[in-house]
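One-letter residues, chain by chain:
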Amino acid sequence: MYSPDDCLMISGLQHFRFCRRQWALIHIEQQWAENLRTVEGTLLHERAHNEHLRESRGDLLIVRGLRVQSLTLGLTGQCDVVEFRRDDTRGVTLCGKEGAWLPYPVEYKHGAAKQDGSDALQLCAQAMCLEEMLCCEIPTGALYYGETHRRTEIEFTPVLRQEVKTLLEGMHALYERGWTPRVKPTKACNACSLKDLCLPKLMRKQSVADYLRDHLEETP
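Residues numbered from 1 in each chain as written. Predicted model: local features only at pLDDT ≥ 70, side-chain atom pairs only at ≥ 80, totals over all residues. Heavy atoms only, no water.

J.: Any chance you could break down the pairing of strand β6 (residues 140–145) for me, citing the residues and the numbers?
T.: By the criterion of burial, β6 is predominantly enclosed, with six of the six residues buried. Taken together, the four bridges between strand β5 (residues 101–109) and β6 define a ladder with parallel strand orientation. Following the sheet pairing, E107 is matched in β6 by L143. A crossover links β5 with its parallel partner β6, the connecting element being helix α4 (residues 118–134), and its sense is right-handed. Both β6 and strand β7 (residues 150–155) contribute to a ladder of six bridges, which runs antiparallel. By the bridge assignment, T140 is partnered in β7 with E155. Connecting β6 to the next strand, β7, in antiparallel fashion are four residues, including H149 with a positive phi near 55°. (Buried < 20%, exposed > 50% of the residue type's maximum accessible area, 1.4 Å probe, protein only. Helix = DSSP H or I, 4+ residues; strand = E, 2+ residues; numbered from the N terminus. Pairing = 2+ DSSP bridges. Right-handed = clockwise from strand over helix to strand, strands pointing away.)

Put into structure tokens, the structure is as follows:
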């Protein structure tokens, strides 16, 4: 079990999956820079995170900006939207509501679906936090993409859940060490908002320590 102070941000799962150095720069060194994609994403999430907006439509209750946490995983964060659907078989009781309700997390993304599956990891982590908080099992959730205005339903399979746990083990290990990995430059670096802080082109060159070691070894 982790303490609340040791919990890492759910949003960091995507950063860590994309680039461990990017994750460390943001979550360990507290560095950040904006580009067009990050600004568009922030604006979309601000609309989705309006905690004062709640809707009730018969057998559907919609809650926005719900804060979640798992001390087992060492995770904390905020869900864009959680739909509580009336389900007297698998649901949980809610204060002030009759019957039982099953949570269905919905994560909003401003672009199109990513091929690397990182969006699904973030959504699954939200569901795992909700399961711990509410003592229930959540089989599915959805990703909403602003570019296509469509939802994609995600099944929280054992494989997806295990990948979340494996990534978190790596995140906690680096966080405890306070260590920022060296960059491994790829084409994706060009789209990263932190490229001017990370300086991936410089990392391709030989370090001073390597230069001195190589030349000292050559000295008779």
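J.: Before we move on, could you go through the side chain of H15 and cite the residues and values that matter?
T.: With respect to the secondary-structure elements, H15 resides in helix α1 (residues 12–18). On the basis of relative accessible area, H15 is assigned to the buried category, the value being 19%. A polar atom in the side chain of H15 sits 3.0 Å from the side chain of H27. Residues within four places of H15 in sequence aside, it is in contact with R20, Q22, W23, I26 and H27. (Polar contact = N/O pair within 3.5 Å; in protein donor to acceptor, adjacent residues only side chain to side chain. Contact = heavy atoms within 4.5 Å.)

J.: Explain helix α5 (residues 158–177) to me, and be specific about the residues and the numbers.
T.: With 20 residues, α5 ought to run about 28 Å at 1.5 Å a step, and its terminal C-alpha atoms sit 29 Å apart, in line with that. All of the buried residues in α5 are L160, R161, V164, L167, L168, G170, M171, H172 and L174. Check the buried side of α5 and you find it contacts β1 (8–9), α1, α2 (20–27), β4 (75–86), α4 and β7. Taken from the residues just after α5, G178 is the one with a positive phi, measuring 65°. (Expected span 1.5 Å × (residues − 1).)

J.: Go over the packing of aromatic side chains, please, and point to the residues and values.
T.: In this structure the tally under the stated criterion is two aromatic pairs. Centre to centre, the rings of Y108 and Y144 are 4.9 Å apart; their planes meet at 45°, and the pair counts as tilted. Here the residue Y108 occupies a position in strand β5, and Y144 occupies one in strand β6, the gap between them amounting to 36 residues. No difference in accessibility class separates Y108 from Y144, as the two residues are buried. (Phe/Tyr/Trp six-rings, centres within 6.5 Å; stacked < 30°, edge-to-face > 60°.)

J.: Quick rundown of the packing of α4 against α5? Include the residues and the values.
T.: The relative placement of two packed helices is expressed as an angle between their axes plus a distance between the axes. At a minimum axis separation of 9 Å, α4 and α5 run at an interaxial angle of 90°. The pairing of α4 with α5 is recorded here as roughly perpendicular in orientation. Taking contact as the criterion, the partners of A120, L121, C124, A125, M128 and E131 in α4 are, on α5, L160, R161, E163, V164, K165 and L167. Along the lines of polarity and charge, the residues of the contact of α4 with α5 split into eight nonpolar, no polar and four charged. (Axes fitted to C-alpha atoms, helices over the stretch in contact; angles between N-to-C directions. Parallel < 35°, antiparallel > 145°, perpendicular 65-115°, else oblique. Nonpolar A, V, L, I, M, F, W, Y, C, P; charged D, E, K, R; others polar.)

J.: Run through the nonpolar core, naming residues and quoting values.
T.: F156 and V164 are the most contacted members of the largest nonpolar core, which has 38 residues in total. Elements supplying a minimum of two residues to this core: α1, α2, β3 (60–70), β4, α4, β6 and α5. When residues in this core are grouped by element, the largest group, nine residues, is from α4. Apart from the residues within four sequence positions on either side, F156 is in contact with P105, L123, C124, A127, I138, P139, T140, G141 and R161. By size, the runner-up hydrophobic cluster in this structure holds eight residues, among which are I62, V106, A142 and Y144. (Core = buried A, V, L, I, M, F, W, Y, C linked by side-chain atoms within 4.5 Å.)

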